[in-house]
Structure formats: structure tokens, C-alpha cells
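Below, each chain spelled out in residue letters.
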Amino acid sequence: DPDLILSLKYWFANTTITAYNHIHEAIINQHPKDDTYNHYCIKQAVCELSGVIPIINDMCTNMCLVF
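Bear in mind the structure is a predicted one, so any value in this text is a computation, not a measurement.

**So, the overall build of the protein**
Logical step 1: Along the protein, the regular secondary structure elements total three helices and zero strands.
Logical step 2: Each helix (α) and strand (β) of the protein, taken in turn from the N terminus, gives the series α-α-α.
Logical step 3: Each of the 67 residues in the protein was classed as buried or not, and the buried ones make up 19%.
Logical step 4: In the protein, 48% of the contacts between residues at least 6 apart in sequence involve partners at least 24 apart.

**Some words on the nonpolar core**
Logical step 1: The biggest cluster of nonpolar side chains holds six residues, and these are Leu4, Leu8, Tyr20, Ile42, Ala45 and Val46.
Logical step 2: Where this core is concerned, the elements lending two or more residues are helix H1 (2-11) and helix H3 (39-50).
Logical step 3: Per-element accounting of this core gives the leading share, three residues, to H3.

**A word on the side chain of Ser7**
Logical step 1: Examined against the element boundaries, Ser7 turns out to sit in helix H1.
Logical step 2: Polar side-chain contacts of Ser7 include one of 2.9 Å to the backbone nitrogen of Tyr37.
Logical step 3: In this structure Ser7 touches Tyr20, Thr36, Tyr37 and Ile42, once residues within four positions along its chain are discounted.

Conventions used here
- Residues numbered from 1 in each chain as written.
- Predicted model: local features only at pLDDT ≥ 70, side-chain atom pairs only at ≥ 80, totals over all residues.
- Heavy atoms only, no water.
- Helix = DSSP H or I, 4+ residues; strand = E, 2+ residues; numbered from the N terminus.
- Buried < 20%, exposed > 50% of the residue type's maximum accessible area, 1.4 Å probe, protein only.
- Contact = heavy atoms within 4.5 Å.
- Core = buried A, V, L, I, M, F, W, Y, C linked by side-chain atoms within 4.5 Å.
- Polar contact = N/O pair within 3.5 Å; in protein donor to acceptor, adjacent residues only side chain to side chain.

These figures capture arrangement, not role.
Printed below as a string of C-alpha cells:
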């Protein structure tokens, strides 16, 4: 899937979320028929393809103090 490959190239270019979304928007504006992945969808595709999923665990529930 060429759209997936293009999206993966930008994902692995280590761009910020904002930069990725700007690139995605520019591609869609230039090539509206292309179906490149937005940041959320490419993140899900990477998780599915790699089998590695993020584990989010708040370690500071009601315990953190700001000094």
C-alpha cells in the first residue's frame, strides 16, 4: 500500500505530531485522492504491524507535589 509506506516514512522521520499533521494536510491538499494516514491512524498501524503497544500508567496519582 503506497499510502501506508508514505505515511510510515514520515512517521519514522521522527517528526513531531504537529509537523506530521502539517505534512499530512499538505499531501491531502496536493493529492486529494491519496489516502495517507493521519497521526492517530499511523500510530495505530505501527502498533498493529509491530505488535508493540503503548502502556500508559499514571505513576503519580494524587501523590505528586510541585515545588
